[in-house]
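# An overview of the molecular structure
Residues per chain, in single letters:
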There are 2 protein chains.
Amino acid sequence: MSSKPTIGFCGLGAMGFGMATHLVKSGYTVTGFDVWAPTLEKFAAAGGVPTSSLSESAKDKAFYIVMVATAQQAQSALFGDQGIVASLPKNATLLLCSTVPSSYAQAVERELGDVGRGDVYFIDAPVSGGAIRAADGTLSIMAGAKKEAIEKGQWLLEELSAPSKLFIVDGGVGAGSNMKMVHQVLAAIQILSLSEAFGFGARLGLDGQSVRDKVVGSEGWSWMFENRSVRTLKEDYFPGASALTIILKDVGIITSMARLKNFPSPLCTIAEQVYLSGVDRGWGPNDDAGMVRLWTSDPVSSIQCTLSAEEKEQKLKLVVDLLRVIHLCAAAESIAFAKHVGLPLPQLYELAVEAAGGSTMFKTFGAKMIPVLEGKGDGEEAVGSFLDDVKKVVDEAQSIKCPLYLGTGALNVLTMARGKGGKVGIGGLLGLYSS
Amino acid sequence: MSSKPTIGFCGLGAMGFGMATHLVKSGYTVTGFDVWAPTLEKFAAAGGVPTSSLSESAKDKAFYIVMVATAQQAQSALFGDQGIVASLPKNATLLLCSTVPSSYAQAVERELGDVGRGDVYFIDAPVSGGAIRAADGTLSIMAGAKKEAIEKGQWLLEELSAPSKLFIVDGGVGAGSNMKMVHQVLAAIQILSLSEAFGFGARLGLDGQSVRDKVVGSEGWSWMFENRSVRTLKEDYFPGASALTIILKDVGIITSMARLKNFPSPLCTIAEQVYLSGVDRGWGPNDDAGMVRLWTSDPVSSIQCTLSAEEKEQKLKLVVDLLRVIHLCAAAESIAFAKHVGLPLPQLYELAVEAAGGSTMFKTFGAKMIPVLEGKGDGEEAVGSFLDDVKKVVDEAQSIKCPLYLGTGALNVLTMARGKGGKVGIGGLLGLYSS
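These numbers were taken from a predicted model, which means no experiment stands behind them.

## A look at the environment of Gly-252 of chain B
Residues and elements named next belong to chain B.
- Mapped onto the elements, Gly-252 comes out in helix α12 (residues 244-260).
- For Gly-252, a relative accessible area of 11% corresponds to the buried category.
- Expressed as a C-alpha distance, the spacing of Gly-252 and Thr-269, which sit 17 residues apart in the sequence, is 8.7 Å.

## A look at the sheet that holds strand β8 (residues 139-143) of chain B
Residue and element names in this part refer to chain B.
- The sheet built from three strands is open, its strands ordered β7-β8-β9 with mixed pairing. If you trace the sheet from one side to the other, it starts and ends with β7 (127-128) and β9 (161-168), each paired once.
- Inspection of the sheet shows β7 paired to β8 by two bridges, in the antiparallel sense. Bridge pairing in β8 links Val-127 to Ile-141.

## Some remarks on the relation of the copies chain B and chain A
- Here chain B sits on chain A after a turn of 180 degrees about the axis and a move of 0.0 Å along it, with an RMSD of 0.0 Å. Taken together, these values place the two copies in the relation of a two-fold axis.
- Mapped onto chain A, 98% of the interface residues of chain B again fall at the interface, so both copies present the same surface.

## Digging into the interface of chain B and chain A
- On the chain A side, the residues contacting the 40 residues of chain B number 39 residues.
- Summed over both sides, the interface of chain B with chain A buries roughly 3,500 Å², with 53% coming from carbon and sulfur.
- Our count for the chain B to chain A interface comes out at four salt bridges.
- Applying the counting rule to chain B against chain A returns 24 residue pairs in polar contact (both at pLDDT 80 or more).
- Every element with two or more residues in the side of chain B that touches chain A is listed here: α12, α13 (266-280), α17 (384-399) and α18 (405-417) of chain B.
- A per-element tally of the side of chain B that touches chain A places α13 of chain B first, with seven residues.
- Looking at side-chain class alone, the side of chain B that touches chain A contains 15 nonpolar, 15 polar and ten charged residues.

## Looking at the pattern of salt bridges
- Inspection of every chain in the model, using the stated rule, returns 34 salt bridges over all chains.
- In this structure, the salt-bridge partner of Arg-259 of chain A is Asp-395 of chain B, at a minimum N-O distance of 2.7 Å. Residue Arg-259 of chain A is located in helix α12 (residues 244-260), and its partner Asp-395 of chain B is located in helix α17; the two belong to separate chains.
- Classification of Arg-259 of chain A by relative accessible area gives buried; the value is 7%.
- Looking at Asp-395 of chain B, the relative accessible area reads 39%, which means it is partly exposed.
- Ionic pairing is found between Asp-321 of chain B and Arg-324 of chain B, a salt bridge with its closest N-O pair at 2.9 Å.

## Details of the side chain of Ser-334 of chain B
All names here are of chain B.
- By secondary structure assignment, the location of Ser-334 is in helix α14 (residues 309-340).
- Accessibility expressed as a relative area gives 0% for Ser-334, which makes it buried.
- Setting aside chain neighbours within four positions, we find Ser-334 in contact with Val-182, Val-185, Leu-186 and Leu-348.

What counts, and where the lines are drawn
Residues numbered from 1 in each chain as written. Chains lettered and ligands numbered in written order. Predicted model: local features only at pLDDT ≥ 70, side-chain atom pairs only at ≥ 80, totals over all residues. Heavy atoms only, no water. Helix = DSSP H or I, 4+ residues; strand = E, 2+ residues; numbered from the N terminus. Buried < 20%, exposed > 50% of the residue type's maximum accessible area, 1.4 Å probe, protein only. Pairing = 2+ DSSP bridges. Least-squares fit on C-alpha atoms with pLDDT ≥ 70 in both. Contact = heavy atoms within 4.5 Å. Buried area = accessible area lost by both parts, 1.4 Å probe. Salt bridge = Lys/Arg side-chain N within 4 Å of Asp/Glu carboxyl O. Polar contact = N/O pair within 3.5 Å; in protein donor to acceptor, adjacent residues only side chain to side chain. Nonpolar A, V, L, I, M, F, W, Y, C, P; charged D, E, K, R; others polar.

See below:
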C-alpha cells in the first residue's frame, strides 16, 4: 500500500478524471491538478488529493501524468512559470497522454534537455477508448519513448490499459503520437459518418432507432457508431461526452501533418471542414454526435416512419452502404497514412480493430490492405461493388437534395482509384495515397 | 418587317425574358408563354405578344424557343396535354435553350419521332452569359443538332448570340448540352469560390471592397467573381440575379453524368454539397452570391479593416492564391471531363475563355492542358508552386478555424497529383481524372 508510489496528475477532464480516479481506486496516492475548482472537489470526494498548484502536483512525484486537452495547454503546464518540469524530482517519469502532434511530443523531449532536465524519463503515450474505459483502467495506449523510459513507466502504462491494449510503438518519442494520429483518421471520419448516416436516414424518412438497429451488427458497424448513436437517439449533446472541439483538434493534427508530409487526406479534410461549419454554428462545446443537426433539426428519434416494410428495408440498405463505403475509404486513408509516416502496420491493425477507430470494414479490408502495402499482396482484391453501391446512394441523396459530404468524397476516391478497364482493386485504392 | 417570321417562346424568366424581348426589339413578332401573369404583362409592355396558352404560343410558329429552368419543365411544356409539340406547324424549328442533361436533349429528339413529329427540326442549344447579354443578343450558345436543323435555325441562333460566340458543336443533339455541362464545371466551382474567397477574407479581417479590388485584375480573376462580387458587396441576394437553385441544378447535371461515366469530379462534388447546405438554410431562392453567408453573417462591405498595410497585402495574397489554386483545378476538371465525354477541346477553350466560365487560370493553363490531353504535350509544365501556395492558405485558414471547402479540395487534388520525386505537373494533374 504505502509502497505504491505517489503519482502527480494534471488535467482532470472527462478522460483524465477517469484515469486519475482509477489509479486512486487501485491504491495509489494521486495528487491531481486542474484549473476548474468543482472538478477538484469531485476529485477529493473520489479519494484523490486535489491541488490548485501545478508545482505542488509535481513536487516529490516520481511519476507524473499529463492529460490536458491540447499541446498548448501541455506546454504551459510543463514549462510555464511554476510548472511541472521545474518541480519534478530527479529521474522522474513523465507521461504525456494528451493527443498532440508527434512533433510536439518530440519538442517536449528536446526542451527537457534544453532546460537541464534530461534526467526525466519522458514517454509519449496518447490513449484511446473513451471516459468509461479510462475509469476502468482498460484504455488502449500507444506509447513511444527511449527504451529506459519505457522500462521505468511500463507498470504505470499497464495500470491504465487493458492487458492486450498497451502498444509500445517502435521509433521513440513521437511514434506513440503518430500511431494515435493514424488511429484518429478512423475516428475523425467515423464520428462524422454516423451523423451523416442518421441525417441521410432521417431525410429518407427512417426513424433513428431503426437506423441504429440495422447498422449495429451490419457491415456498416463502427465502434463510434455504436457508442455515439446512444447519444444521437437521446439528443444527449449538451454537453454529452465528447465535445466537437476535441475531434476537431485531432483532425487538425492529422491534416496539418498530411500537408507537411504531402499526404492526401481526402475524407479527413472533408470531415474537418464540416466540423468547422459545426463550430461556426456554435456547436463546439456540444457532443460531436450532435453534428446530425446539419441534416435535421428534429430529433431523429421523433421521426414516424411511414414507409412500407419493403421500402424501409431498401432505404436502410442505402444507409448501411453509405457507411460501408465511407469506412472502406477511411481504412485506406488510415493505413496508407501509417505507411507514409513509417509506422508498423500490423500494430496499427491490432490496436485499431479493438479501439475506438474499429469498424467492420477496417477489420475485413484493413487485413487485406496491409499485405499490399508491405509488398506481399497483389492488390487485385476487387472493391468495385462498393463503387456501384455508393453511386446508388448518391443518386438517391441527390434526388432528395440531401448533402453527403463523406459519401460523395468516398465516391470520388473510388472513382479515381478505378483503373484502366474499369476495375477497382485495393491496390489502386491504396495507390491514390502514395506518391 | 412583316417578312420576319413569327417566333414562339416558352419561359420568360430572367434569361428568357431578355432573349424574347431582344427578338422583339429586332423586329420579330414574339408570342411568349409563361405561367407567371405579371411577367406576361411586362412582356406585353415590352412589345411582345403574351399568351397564357402553350398551344397558342406554338400554333403557326415556324420557329420556337424553349427557355424554361429544368428538363422536367421542358418535358411538360413540350409533350404535355395541349403542349408545344402538338401545336407546332409542320417542319417547325424548335430550339431547347435550357441547361439540361445531354441525355434529356437526346430523349426529346427521340420522343419527337415517337409521337410522329420527326418533321420538327430540333436543336439542342443551351446558352451562357447572364441576363444582360441575353437582352443584348450577345449570348454564348452551344448548339448541337442534325445538319439540316442547324441550317434551318442558324439565323435565329445568330440573332441571340454575339458573332464570335455561336458554337456549333459536332456530335448532333446532346453535344450542345454536353458542352454546356463542361462549361458549367467552371461556373459551379467559380460561383462558390468567390463566396469562399470573400468569406475567408472576412475571417482574415479584410473588407469586401479591398478583396474585390485586389482580385479583379489578379490571377485570381474569374468572370463569375467580377460579375457576382458586385452583388456580394451590396448583399443583393433577395432575389438578386441568379438563384442558388439554378447553379445547384446545373452542378447536379454534372455530377450525375460524372457518376454515369465514371468520371471523378472532386470540386464539383464539393460545391454541390455546399450548395445543398445553402438550400437547407433556406437560401435556395436567393442569389448564389449569398453563399458567403456560410462564412460571415455580417455584410463583407461592413468590415472595418484594421490591419497594417503590410499585413493586409499578405492576407490579400492568400485570398488571391486560394482562388488561383481552385481555378487551376477547375480548369483541369472541366477540360478532362470534356475529353472524357468526347468533346472538341479547342472549342471548349474558345467558348469558355470568353463566357461565364472564364478565369485567368483557365485562360493560361487551359491552353497548356489541351495539348497534353491531345497527346501533343509532355505535361511536364510544373504546377508545384500552386501546391506550396495552397498549403500556406490552408495553414492560415486552419489557424483561424475557417472552413475552406474548395481550397482544401484543391489541396488534396494537387497532393494526389504529386508524382514520384515530389513534382506536380499538368500531366499528373490531368492523369487523376482519367482511368
